[in-house]
Amino acid sequence: MDGTNPGNYGDKYINERRFVAEDRKLRKELGILDLFMIGITGVIGSGWLFAPLYAARVAGPASIISWIIGGILVLLVGLTFSHLMSFRSEAGGMVRYPLYTHGKIAGSITGWALWLAYTMNPPSEASALVEYMSSYVNGIFIDGSLTSEGLAIALGFMFLFVLVNYYGVRTFARIINGLTALKIVVPTITMLTLILLTFKFHNFTAYGFVPYGPSSVLAAIVSAGIIYSYLGFQAVINLAGEAKRPTRDGPIALILVIVFSLIFYIMLEISFIGSIPSGLLAHGWAGLFLPSPFADIAMYFNMMWLYSLIIADSIYSPSGSSMAAIASNSRATYALAKDGFMPSFFVNVDSKSGIPRIALLFNFAISAVVLLTLKNWHSIIEALGVLLLISFIGPAASSGVLRKVPGRDSTLKGLYGTVQPVVFVLAGLIAFITPFTKIAIIIALFLIPILLILFKEKGLGKIDMRYGMWLPMYLILILAGSFVYSEEFQNMKIFTMAAFVFLSALLYIYALKSGASFMRIANQKE
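Since the structure is predicted, the reported quantities are computational estimates derived from the model, not experimental observations. (Residues numbered from 1 in each chain as written. Predicted model: local features only at pLDDT ≥ 70, side-chain atom pairs only at ≥ 80, totals over all residues. Heavy atoms only, no water.)

Some words on helix H6 (residues 104–133)
Quick reminder: α-helices carry 3.6 residues per turn. Residues three or four places apart thus point the same way.
Then, number 1: The terminal C-alpha atoms of H6, which comprises 30 residues, lie 44 Å apart, in line with the 44 Å expected from a rise of 1.5 Å per residue.
Then, number 2: Burial within H6 is extensive, with 30 of its 30 residues counted as buried. (Helix = DSSP H or I, 4+ residues; strand = E, 2+ residues; numbered from the N terminus. Expected span 1.5 Å × (residues − 1). Buried < 20%, exposed > 50% of the residue type's maximum accessible area, 1.4 Å probe, protein only.)

Comments concerning unusual backbone geometry
Then, number 1: One non-glycine residue with positive phi stands out, namely Asn302, at about 60°.
Then, number 2: Along the chain, the position of Asn302 falls in the loop between helix H13 (293–300) and helix H14 (304–339).
Then, number 3: We note that Lys375 has phi near 70°; this positive angle belongs to a residue other than glycine.
Then, number 4: Summarising the element assignment, Lys375 is placed in the loop between helix H15 (357–374) and helix H16 (377–403).
Then, number 5: Accessibility expressed as a relative area gives 32% for Lys375, which makes it partly exposed.

Thoughts on the side chain of Ser134
Then, number 1: By the element assignment, Ser134 lies in the loop between H6 and strand E1 (141–142).
Then, number 2: Separated by 2.4 Å, the side chain of Ser134 and the backbone oxygen of Glu131 make a polar contact.
Then, number 3: Ignoring sequence-local partners within four residues, the contact set of Ser134 consists of Ile140 and Phe141. (Polar contact = N/O pair within 3.5 Å; in protein donor to acceptor, adjacent residues only side chain to side chain. Contact = heavy atoms within 4.5 Å.)

Re the pattern of salt bridges
Then, number 1: This model, assessed by the stated rule, comprises one salt bridge.
Then, number 2: Residues Glu382 and Lys438 are paired through a salt bridge, measuring 2.7 Å at the closest nitrogen-oxygen approach. Of the two residues, Glu382 sits in helix H16 while Lys438 sits in helix H18 (residues 436–444), which places them 56 residues apart along the sequence. (Salt bridge = Lys/Arg side-chain N within 4 Å of Asp/Glu carboxyl O.)

As for the packing of aromatic side chains
Then, number 1: All chains considered together, the criterion is met by 25 aromatic pairs.
Then, number 2: Between Phe264 and Tyr265, the aromatic rings sit 5.0 Å apart at their centres with planes inclined by 90°, giving edge-to-face as the arrangement. For the pair Phe264 and Tyr265, a shared accessibility class is recorded, and that class is buried.
Then, number 3: When the centroid spacing of 5.4 Å and the interplanar angle of 65° are considered together, the rings of Phe272 and Phe294 count as edge-to-face. With Phe272 in helix H12 (residues 246–275) and Phe294 in helix H13, this residue pair connects regions lying 22 residues apart in the sequence.
Then, number 4: By the ring-pair criterion, three or more aromatic residues cluster together here, those being Phe424, Phe432, Trp470, Tyr474, Tyr485, Phe500 and Tyr508. (Phe/Tyr/Trp six-rings, centres within 6.5 Å; stacked < 30°, edge-to-face > 60°.)

A few points about the packing of helix H3 (residues 46–59) against H6
Then, number 1: With their axes 9 Å apart at the nearest point, H3 and H6 run at an angle of 75° to one another. In this view, H3 runs roughly perpendicular relative to H6, as classed from their interaxial angle. Residue-level inspection shows Ser46, Leu49 and Phe50 of H3 in contact with H6, the latter providing Ser124, Glu125, Ala128, Glu131 and Tyr132.
Then, number 2: The residue inventory of the contact of H3 with H6, partitioned by class, reads four nonpolar, two polar and two charged. (Axes fitted to C-alpha atoms, helices over the stretch in contact; angles between N-to-C directions. Parallel < 35°, antiparallel > 145°, perpendicular 65-115°, else oblique. Nonpolar A, V, L, I, M, F, W, Y, C, P; charged D, E, K, R; others polar.)

As for the confidence of the model for the chain
Then, number 1: Looking at the chain, the pLDDT average stands at 81 and 77% of residues meet or exceed 70.
Then, number 2: A low-confidence stretch, residues 1–14 (pLDDT under 50), is modelled with 42 contacts involving residues beyond four sequence positions or located in other chains.
Then, number 3: Overall, residues 18–26 carries pLDDT values under 50, and its contacts beyond four positions in sequence, including any with other chains, amount to 19 contacts. (pLDDT = per-residue confidence, 0-100.)

Dropping the structure here:
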């Protein structure tokens, strides 16, 4: 084996080669256009229907800056993953990279964060679909939650999305490509119409551009669904292993999707802020209430043709995003099973369709539990946003480690030396601004993968403990920072943020050294 090939590091250590036969059953049928369309259809989902409203309620007109910061973070994450994909593209890749570079603790925590996030995406999209339906169907969404009838409809849509994925990647790609064209057209028409016919510059200054302070700009990135809205790009990474030329097509499609998404959502927020009727802002941006935001604005201005278009889009936009998320999550579960974190029967790929069908059906059952528990779009996306931020941390460290492997040239190698630590620190910084009570519950969930690994492995070896503990340490730092940053310590916010950035940078350096040592030891074992 070529010791400089990072794609082969640790294969024997993680018992990788026994899954080669199952990997070969995955169909290599996707091209750049297919991957781009899959990514776009994931990005333009319920996020465009709700996130501009919630972002404006949290940060006012400064929510535009929130979209820019969130988009820059996601773009940097995309550069990080394009780097990782140039080394190794495979189904469920986002779950796999930290395992290769840091072992089972880092791999299981990252995998758990991604799996939970992906599992929450289909119920969020189904919930959004039904919430918009409530504008013309009575009794399905009352007092901020789906009723029994609404939950039944949402579950029915989720099952339909599973069936589309069940019958193969080519069928899935054809349906996605058709939906994506429609999903781009309606939001574009909506933006142009609102800007040309209803736009008011006064809205950007009526209550101040930053009415709720600078911290609200960062808070909106998680609590308003901004990170959630950019989620669709991850489907490109997890499905790149099924591309005809994965190491070329995957990175190109990924960057195209992220750049498109950044421009799309910034323009969408600008059009939303400028189109709000002055009468609806009597109680400020925080008091703005629109059950079906863009549809309600169209109805307010008596543009029934636009209202009808938006209502139609509210069905197929979440549908397409949910289908993309279900496809992505089945590959993530497949990858977790290869890691040894999930039962090995999830690795089984149906030879006829090329789909990990057992993983697909299992994820549907868990998504149903999420929907029945949380019952509305906003509750789901708040938790999902934090999980996504945590999931960026491990791959950022992995990319930093692989960048230092000798004998390999990397595109934009100089730039990548800056990208990874920025992703590592910024993802943690945005996460720790989340209210302490919420982030404490989310981080407590990460005890589950650690305990499962300890049970399954009957204890972890010194390699995993020594070289993977930086990630649990980072989670503890995020939790502690969130506590100090809470309302009880208003006068310490700036100091807390500065201290967090400094300690995060130290942890990043520690993670790089740990990864380099782990890969050297894992390579020696082969």
